[in-house]
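For reference, the chains in residue letters:
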Amino acid sequence: MPAFIYIVLVMIYPLAFNLILSFQEVDMMTLMKPTKAFIGLENYRQVITNLTFPISLKNSLIFTAGCIFFQFTIGLAFALLFSLSFPLAGHLRGSLLITLMVPQVAVSILFRWLLSGDYGLINELLTKLHFVEEGIAWLSDPKTALAGVMLANIWIGIPFNMMILASGLTAIPPDIYEAAAVDGAGPLKRFIGLTLPLLRPSILIVLTLGFIYTFRIFGLIYAMTGGGPINSSTVLPILAYKLSFLFFEFGQGAAATNILLIFLFIVISAYLIFSAKEEPRE
Amino acid sequence: MKKTRRCVGFFLSIAISFLLVSGAYGLETVEMWSYVPEGNYLYTAIDIFNKSQNQVKVVAKNIPFGELKRQVAIAVAAGEPPDFMMIDNPDHASFTVMGAYTDITDRIANWEYSGEDFFPGPWQSTVWENRGYGIPIETNTLALFYNVDMFKEAGLDPNRPPTTWEELTSYAAKLTKPGVYGLSVSAIGTEEGTFQWLPFLWQNGVDIEDLDNPRAVEALELWVNWMKKGYVSKEIVSMDQWSGVRVQFVNEGAAMMVNGPWCLPAMGEVNFKVALLPGRVEKASAMGGVNFAFFKGKNIDAVWEFIEWVYQPDNLEELAYKWGCLPVLKKVAETSPHWSDTVGKVFIEQMKYARPRGPHPKWPQISEAIYTALQEALLGVKTSTQALKDAAKKIEKLI
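Residues numbered from 1 in each chain as written. Chains lettered and ligands numbered in written order. Predicted model: local features only at pLDDT ≥ 70, side-chain atom pairs only at ≥ 80, totals over all residues.

(A) Seen up close, the overall build of chain A. If you tally the helices and strands in chain A, you get 13 helices and zero strands. Scanning chain A from its N terminus toward the C terminus, one meets helices and strands in the order α-α-α-α-α-α-α-α-α-α-α-α-α. Structurally, chain A occupies a C-alpha span of about 75 × 60 × 30 Å along its principal axes. Of all 282 residues assigned to chain A, the portion counted as buried reaches 34%. (Helix = DSSP H or I, 4+ residues; strand = E, 2+ residues; numbered from the N terminus. Buried ≥ 20, exposed ≤ 12 C-beta atoms within 10 Å, placed from the backbone.)

(B) How the structure looks around the nonpolar core. Core analysis: the largest hydrophobic core is formed by 171 residues, its most contacted members being L183(B) and M256(B). Looking at this core element by element, the count peaks at eleven residues for helix α8 (residues 145–170) of chain A. The residues touching L183(B), leaving out its near neighbours within four places in the chain, are A172(B), W226(B), Y231(B), V232(B), A254(B), M256(B) and M257(B). (Core = buried A, V, L, I, M, F, W, Y, C linked by C-beta atoms within 7 Å. Contact = placed C-beta atoms within 7 Å.)

(C) Spotlight on the interface of chain A and chain B. Between chain A and chain B, the contact holds 20 residues from the first and 26 residues from the second. Among the residues forming the side of chain A that touches chain B, the class breakdown is 13 nonpolar, six polar and one charged. (Nonpolar A, V, L, I, M, F, W, Y, C, P; charged D, E, K, R; others polar.)

(D) Just helix α12 (residues 236–246) of chain A, in detail. All names here are of chain A. With respect to burial, α12 is a largely interior element, nine of its eleven residues being buried. Buried residues of α12: L236, P237, I238, L239, A240, K242, L243, S244 and F245, and no others. Positive phi shows up at F248, right after α12, with a value of about 55°.

(E) Just the sheet that holds strand β8 (residues 256–259) of chain B, in detail. Residue and element names in this part refer to chain B. Read across the sheet, three strands follow the order β8-β7-β9 without closing on themselves; strand pairing throughout is antiparallel. The sheet is open, and its two borders are formed by β8 and β9 (272–275), each paired with just one other strand. Pairwise comparison of adjacent strand axes, ignoring direction, gives a mean angle of 25° for this sheet. As defined by bridge partners, strand β7 (residues 143–147) adjoins β8 across four bridges and the pair is classed as antiparallel. Bridge pairing in β8 places Y146 opposite M256. (Pairing = 2+ DSSP bridges. Axes fitted to C-alpha atoms, helices over the stretch in contact; angles between N-to-C directions.)

(F) The pairing of strand β10 (residues 285–294) of chain B, seen in detail. All names here are of chain B. Within β10, ten of the ten residues are buried, which leaves it mostly tucked inside the rest of the structure. Here five bridges tie strand β3 (residues 84–88) to β10, and the two strands are oriented antiparallel to one another. Residue pairing across strands places D88 opposite V290, the latter belonging to β10. Where strand β6 (residues 135–141) and β10 come together, six bridges link them in antiparallel fashion. Looking at β10, one finds that T139 is bridged to G289. Judged from the two bridges that link them, β10 and strand β11 (residues 354–355) form a sheet pairing that is parallel. Each bridged residue has a counterpart across the sheet, and for S285 the counterpart in β11 is A354.

(G) Up close: the environment of I238(A). Residue and element names in this part refer to chain A. Looking at where I238 falls in the secondary structure, it is placed in helix α12. Taking the C-alpha atoms as reference, I238 lies 9.9 Å from S60; in sequence the two are 178 residues apart. In this structure, I238 is in contact with F218, I221, Y222 and G227, ignoring residues within four places of it in sequence.

(H) Highlighting the domain arrangement of chain B. Residue and element names in this part refer to chain B. Here the domain parsing of chain B yields domain 1 (28–140 + 287–355) and domain 2 (143–276 + 362–398). Between the C-alpha centres of domain 1 and domain 2 there is a distance of 28 Å. In this assembly, 15 residues from domain 1 lie in contact with 14 residues from domain 2. Every element with two or more residues in the side of domain 1 that touches domain 2 is listed here: α4 (92–98) and α15 (342–351). Among the elements that line the side of domain 1 that touches domain 2, the one with the most residues is α15, at five residues. Counted by class, the side of domain 1 that touches domain 2 contains seven nonpolar, five polar and three charged residues. (Domains from an automatic or database assignment.)

(I) Geometry of the environment of D103(B). All names here are of chain B. Following the sequence through the fold, D103 ends up in the loop between α4 and α5 (105–109). Each C-alpha atom, one on D103 and one on V258, is 36 Å from the other, the two residues being 155 residues apart in sequence. With residues up to four places along the chain from it excluded, the contact list for D103 reads R131 and Y133.

(J) Molecular detail of the packing of helix α16 (residues 363–378) of chain B against helix α17 (residues 384–398) of chain B. Residue and element names in this part refer to chain B. Interhelical geometry of α16 versus α17 gives an angle of 170° and a closest axis separation of 9 Å. With respect to α17, the axis of α16 lies roughly antiparallel. Facing α16, whose interface residues are Q365, I366, A369, I370, T372, A373, E376 and A377, α17 presents S384, A387, L388, D390, A391, K394, I395 and L398. A per-class count over the contact of α16 with α17 returns ten nonpolar, three polar and three charged. (Parallel < 35°, antiparallel > 145°, perpendicular 65-115°, else oblique.)

(K) Examining unusual backbone geometry more closely. For the bond from G228(A) to P229(A), the omega torsion is -10°, close enough to zero to count as cis. Tracing the chain through its elements places P229(A) in the loop between α11 (219–224) and α12. Positive phi, close to 60°, is recorded for N231(A), a residue that is not glycine. C-beta crowding within 10 Å serves as the criterion here: with 23 such atoms nearby, N231(A) is assigned to the buried category. Unusually for a residue other than glycine, E252(B) sits at a positive phi of about 55°. Relative to the helices and strands, E252(B) resides in the loop between α11 (241–250) and β8.

If you want it as structure tokens, here you go:
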């Protein structure tokens, strides 16, 4: 019962409130009126026809796919590396977790400096190594701004991926590998034939959680670029924020967050279906 | 004789205890929200006020700039706003139209000051449909800062700053060298970008209703040309005025900058001077600042005690000076000892040409159309003509 009350108060109520809000006309003029008109799907229509919506959706998808791909592959590489026992492996793995403890705003400031076109360390390196003639204004160029914020987010996400995958690796009994080696399976074959299938539950959870965290990202991008220049790094949550709190179109802002929720809902459902398939094997 | 003295003593002690009791019971607490950061003299001033009497206590809450409007909107929707707030003046009309603020027209009519006593721009930003919804407390405007040493090095006379667009551009060209940009402005995709470019639009004799006018295109091409020639950094599209433009100038990464008086307390070791923004068809600058606004259904009588105190000339003068902004009352600004030096005089003079943004409840959308056009042209996504044509279309729908 207490759990039920908790879920109703903390989860159902805000979701329901947001859903109702998205069907009402709530903007600057009507915010303080005691009753608000229901306008059906008008807010959704407004959001979808908003010129920024297609860009935001595209950016959200690119950002999420790109971040997850790199976080996952690099995280997995690190997890495999640290599963080998070599001196200081534990310490090094621990030190990677530090990035998880840095507040997002601090990360955004750090990367703004690293990526700065005039004084940035990354440009310094690129020019010294003669990859580029003059510094790239990473966050000030619509062609590179999204890549810039992705870089920061990948950096944040790697240790999280590594940690979950590493704990999955330790659950695999080492004697299976020995048996496979005796049967003549090489390292690559052992990785594809044994490690990946046995890691499946960890991979599923890390990808699902990664999607949820990445798709609804707001603070990091807002602090690094504010979604700019010219919406080149605007993702759906930033669009929703701007609609609600810059333009005071609260109904449309609610609609935008609900569109975001639909995507999250699909991914979580997919996870539940996939993980349900796993269970009978046990 | 002795009897009367005892009598006086008796009544006096009753009077004192009555005062003490009424003081303790009569203390009314009012809450104010603002984005003014901790450590600003504003909080010292509020402290002084709180200690100066025992009727009203002002409790100030500081909310980061980007968060303030959001929090206020939520508080208003929930019916739990503070008693009063400080609002950035282009946003004032939005909240007035929302119905959040109390109409104080009648209260002002019985006050010692009227709208005439204030600088017209700041005052105008509090008015909506001929009714008063607030009082300006801080105002500022943009001027041209320039590095005296760099002027000398480039063979320019530091006592003769640029006065026309052509001069500004040619000075910027002369001052640009490896590691140093001739000029710095903010073209960031926020209100600040709009704020910085509008003076140039106005200087060319047009306003936001005529963005598809060739004169507007000229004003935008001026900036685009600076960027193409490398007189300004490519980063100006993501540089704000305080931590971007000011920092670049203070670290001698730019020889001139367009910026406001709030920089004055934080100019480091740079040897700089300030001049009026160069003009073209006419002189113009943008007016910024914050206003007090009072929420409906809250304790405005108590807040008014604070208002009466803060607008006393001495208190206002000190507050404005230590805050790094101009006193909003004309008489105080003109007689203030702190604004009589060369830099101060320039800002007071510039204030005469400072124009408000809006007031319009849809200002945030109008502003977005403007800074988007600015960025599109600077980044070469669209031509200046096309960018402004698109912005004009958006603004036409809003106005």
